[in-house]
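Geometric and topological summary
Listed here are the chains, written in short residue letters.
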Amino acid sequence: MSAVASHPLGKSQDAPKPLDVLMVGTGEYTTGFVGGGASGSDKKVGVVGLTMFDLRRRGKVGKLSMVGTSGGKYPAIREHLTKNITQVYNNLDTSFESYPANDTTDPNAYKKAIDALAPGSAITIFTPDTTHYPIALYAIERKIHVLVTKPAVKTLEHHQKLLAAAKEHGVFVFVEHHKRFDPAYADARYKAQKLGDFNYFYSYMSQPKSQLETFKAWAGVDSDISYYLNSHHIDICDSMVSERGYTPVKVSASASKGVAVGLGCDPITEDTITVMVHWALKSDPSKQATGVYTASWTAPQRAGVHSNQYFHYMASQGEIRINQAKRGYDVADDSLPNGLMWYNPFYMKYAPDEEGNFAGQGGYGYVSFEKFVDACRLVNEGGVEKLAELDKRGLPTLKNTLATTAILEAGRRALDEKREIQIKETDGVWELI
């Protein structure tokens, strides 16, 4: 499967103009700053900010800005970034323009920040799931490219409205499904095309209970663990089987409860959600397959990994198994609570290079953002006709992630309505029944 090149794009001998980027959301994934200090997860210095600062150093990104709801956090965030990025990575510039002002709290500050961008600029959205749609739509309508964390939105209705708006305004919208760029997952997706008819897929992904401290404000209320983690493997499965002509046709779901509520989360919060999907081959509906996707945010604190993640794919002529939690790299450290950790530098490698610069450009967490930046610059230079080309490259665009949103919403409705939900697609328009 081809992808956007990581080198400067376009036919011109001159490199495309650097992309101005607004980072929407100032939390763990953007800055690594949570609750007054560095996150306790594997993202202690964040992903979005560090990647964008480095892409600016490399000349692909221009002006950077950041917007949250509380400006009072910015002095501490800037101190955190200076200490953990600038002073670690050879004085890497971590400057950015911030919204709202340091003495202001404004839940709509994103509008002023987006209004300050020129058409053809871009935003990244790492905010609670329920805010993705209004923020993305506001940007799209102002001809701003959008990268949104998974899930893109919570409903098919919103997904298809964003798709129509992006087409109308000629902008690129990319869903940050970074597992597509995990080398093992990408290789498995390629090999799956040669293994015959799809038959069965099982996945599991979890994070420790400590993450509920980070997510307590919205966990179970604004979103659930299936939207948060099952979205990874549902997208991977769809990207593996859609090329073979398979489509999801019905969904059921089951959930467990008790642990998250005991930790102080909202009483409706589920611990673990399993979504079961019935797939069928479009050209021959008699050929059917089953997908089972399980996600939990109440895993043990001392499992040695931040995120357990694995899947089993079975087809008519072979099968694939991947365990991306324990990758053959473990560190014993007396200062760690459990003494032993399995790390994942293939996602974000935080160790600097021999010159002291950030050296994680090959990590799939970084690659995902660089793909987006390169694609935006390609559209800015080559015109809106490049958008169709990007869809064909197998990137996680809005068009290429419709099935994922359909399954996620169907899973939520299956739990709420206690019934099986049908998925129907007619001439590119999707609906739940």
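Attention in this report is confined to the structure presented alongside it. Since we're looking at a predicted model, the values are computed, not measured.

Reading the values: the criteria
Residues numbered from 1 in each chain as written. Predicted model: local features only at pLDDT ≥ 70, side-chain atom pairs only at ≥ 80, totals over all residues. Heavy atoms only, no water. Helix = DSSP H or I, 4+ residues; strand = E, 2+ residues; numbered from the N terminus. Expected span 1.5 Å × (residues − 1). Bend = angle between axes of the 7 residues up to and from the residue. Buried < 20%, exposed > 50% of the residue type's maximum accessible area, 1.4 Å probe, protein only. Polar contact = N/O pair within 3.5 Å; in protein donor to acceptor, adjacent residues only side chain to side chain. Pairing = 2+ DSSP bridges. Axes fitted to C-alpha atoms, helices over the stretch in contact; angles between N-to-C directions. Contact = heavy atoms within 4.5 Å. Salt bridge = Lys/Arg side-chain N within 4 Å of Asp/Glu carboxyl O. Phe/Tyr/Trp six-rings, centres within 6.5 Å; stacked < 30°, edge-to-face > 60°. Lys NZ or Arg CZ within 6 Å of the ring centre and 35° of its normal.

It is worth spelling out helix α9 (residues 225-241) at this point. Over its 17 residues, α9 extends 24 Å from the first C-alpha to the last, a length consistent with the 24 Å expected when each residue adds 1.5 Å. Bending of α9 peaks at approximately 50° at the position of S231. Of all 17 residues in α9, 17 are buried; the element is thus mostly enclosed. Its side-chain oxygen at 2.9 Å from the backbone nitrogen of S226, D224 defines the N-terminal cap of α9.

Moving on, we come to the sheet that holds strand β17 (residues 421-426). Read across the sheet, 8 strands follow the order β14-β13-β9-β12-β11-β10-β17-β18 without closing on themselves; strand pairing throughout is mixed. Only two strands of the sheet have a single partner each, and these edge strands are β14 (318-323) and β18 (429-432). The mean inter-strand angle of the sheet, taken between neighbouring strand axes irrespective of direction, is 15°. Here helix α7 (residues 183-192) sits on the sheet in contact with β13 (308-315) and β14, set at roughly 175° to β14.

Turning next to the pattern of salt bridges. Counted under the stated rule, the structure contains 23 salt bridges. A salt bridge links R58 to E370; its shortest N-O distance comes to 3.0 Å. You can see R58 sitting in the loop between α2 (48-57) and β4 (61-67) and its partner E370 sitting in helix α11 (residues 364-382), a full 312 residues away along the chain. What makes R58 partly exposed here is its relative accessible area of 34%. One salt bridge connects D416 with R412, and the closest N-O pair in it is separated by 2.8 Å. Separated by 4 residues within a single helix, D416 and R412 lie in helix α13 (residues 402-417), roughly one turn from each other. Salt bridges here are not isolated pairs; linked through shared partners, they connect R58, K60, E370 and D374.

A few words now on the environment of L156. Inspection of the secondary structure puts L156 in helix α6 (residues 156-169). Taking relative accessible area as the criterion, L156 reaches 4% and is therefore assigned buried. Between the C-alpha atoms of L156 and P107, which are 49 residues apart in sequence, the distance is 25 Å. When neighbours within four sequence positions are excluded, L156 is seen to be in contact with L402, T405, A406, E409, W430, E431 and L432.

Taken as a whole and assessed by the stated rule, the structure comprises 20 aromatic pairs. Seen from their ring centres, F358 and Y366 are 5.8 Å apart, and the 25° between their planes marks the pair as stacked. This pair shows no difference in class: F358 is buried, exactly as Y366 is. Taken together, the aromatic side chains of F172, F174, F181 and F372 make up a single cluster linked through ring pairs. Positioned over the ring face of Y138 is R142, at 3.4 Å from the centre of the ring. Sitting over the face of the ring of W342, K326 holds its NZ or CZ atom 4.3 Å from the ring centroid.

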